[in-house]
Amino acid sequence: MQKIGYTPRRFLKIGPVVFVLFLVLASLLAATLVIKSRFSDGGWHTLWSRTIGGYAIDYPAGWSFDMFAGGFHGDEQQVALLWRELPFPVIEIRRKEFHHPSLQDVSDWGRLRIAEQYMRPGFKYEIMPEETVVLGNNTVIMREYTIYAELSPPLQKKDAYIARADDGFVITLSARGDDYVEVEPLFDQVVATFRSLPSN
């Protein structure tokens, strides 16, 4: 009578192969869990911008970035974009050349940008008072504001203004609802890492 299926001898031949495959799959799974754990523990990366503005800024793992030499979507002052997911939450970095600007000069430029962008039909905005704070090694003016657009939920924003010898930066967080509450403290940590790179 012929037996159906594997004989013990056949099993002995493929048993080691199955065991090795199991070990490989287990190792891959363990490596994936280690990577996920490392990033969820708050690992950070650095954006280095040596040719556009000469600065560096850190951002959380799980976020991505783009850099722009000639602006973005018609905004010639935008030099970088950090995002967790699109369209929001995002962090935009803008730069303008000045001659020895004060921190208030950069803040005034930021306030003018808000007016130019949102003083048009279909938009309203509400601006909170500005606040001067120290984040890391940076003295920064912060300003929160909310954008109201027709047929869209309110968009919450926070600007950080930084002055250097020959330029100024506006770093802007944009998010909605619970995302803003979650990401806003993280934004302050990002701004705190902003630093100038030595010129060659």
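Please refer to the structure placed before this passage.
Residues numbered from 1 in each chain as written. Predicted model: local features only at pLDDT ≥ 70, side-chain atom pairs only at ≥ 80, totals over all residues. Heavy atoms only, no water.

Draft legend 1. Layout of the layout of surface pockets. Of the pockets and cavities examined, the largest pocket occupies roughly 550 Å³. Residue lining of the largest pocket: 31 residues in total, with Glu92, Arg94, Gln117, Tyr118 and Lys157 positioned closest to the centre. Contributing elements (two or more residues each) for the lining of the largest pocket: strand 4 (78–83), strand 5 (90–97), helix 2 (103–118), strand 8 (138–149), strand 9 (155–163) and strand 10 (167–175). Tallying contributions element by element places helix 2 first for the lining of the largest pocket, with five residues. (1 Å grid on protein atoms, 1.4 Å probe; cavity = no way out; pocket = protein on both sides within 12 Å on 5 of 7 lines; lining within 4 Å. Points joined across faces, edges and corners; volume = space filled by probe spheres on them. Helix = DSSP H or I, 4+ residues; strand = E, 2+ residues; numbered from the N terminus.)

Draft legend 2. Summary view of the sheet that holds strand 2 (residues 55–60). Spatially, 1-2-11 is the arrangement adopted by the three strands of the open sheet, whose pairing is antiparallel. With partners counted over all chains shown, the strands left at the sheet margins are strand 1 (44–49) and strand 11 (195–196), one partner each. Strand direction decides the pairing type here: strand 2 and strand 11, joined by two bridges, are antiparallel. The residue bridging tyrosine 55 from the neighbouring strand is serine 196, located in strand 11. (Pairing = 2+ DSSP bridges.)

Draft legend 3. Examining the environment of glutamate 85 more closely. Inspection of the secondary structure puts glutamate 85 in the loop between strand 4 and strand 5. Relative accessible area serves as the criterion here: at 43%, glutamate 85 is assigned to the partly exposed category. Put simply, glutamate 85 and glycine 62 are 23 residues apart on the chain and 9.3 Å apart in space, counted from C-alpha to C-alpha. (Buried < 20%, exposed > 50% of the residue type's maximum accessible area, 1.4 Å probe, protein only.)

Draft legend 4. Expanded view of the pattern of salt bridges. Per the counting criterion, the structure on display carries 13 salt bridges. Arginine 94 is the partner of glutamate 92 in a salt bridge, and the nearest nitrogen-oxygen pair spans 3.1 Å. The class for glutamate 92 is buried, based on a relative accessible area of 14%. Here the salt bridges share partners, and the residues they tie into one network are Asp75, Glu92, Arg94, Arg113 and Lys157. (Salt bridge = Lys/Arg side-chain N within 4 Å of Asp/Glu carboxyl O.)

Draft legend 5. Spatial organisation of helix 2. Given a rise of 1.5 Å per residue, 16 residues ought to cover 22 Å, and the 23 Å separating the end C-alpha atoms of helix 2 matches this to within 8%. Of all the residues in helix 2, the buried ones are Leu103, Val106, Ser107, Trp109, Gly110, Arg113, Ile114, Ala115 and Tyr118. Looking at the buried side of helix 2, the elements it contacts are strand 5, strand 6 (123–127), strand 7 (131–135), strand 8, strand 9 and strand 10. (Expected span 1.5 Å × (residues − 1). Contact = heavy atoms within 4.5 Å.)

Draft legend 6. Spotlight on the side chain of serine 49. Examined against the element boundaries, serine 49 turns out to sit in strand 1. Residue classification places serine 49 among the buried positions, given a relative accessible area of 1%. Residue contacts for serine 49: discarding those within four places in its chain leaves Gly54, Tyr55, Met67 and Leu197.

Draft legend 7. Up close: the pairing of strand 10. With respect to burial, strand 10 is a largely interior element, nine of its nine residues being buried. Pairing between strand 5 and strand 10: eight bridges, direction antiparallel. Paired with isoleucine 91 across the strands is leucine 173, a residue of strand 10. Pairing analysis gives eight bridges linking strand 9 to strand 10, with the strands arranged antiparallel. Bridge pairing links glutamine 156 to alanine 175 in strand 10. Between strand 9 and strand 10, which pair antiparallel and follow one another directly, the connecting turn spans three residues.

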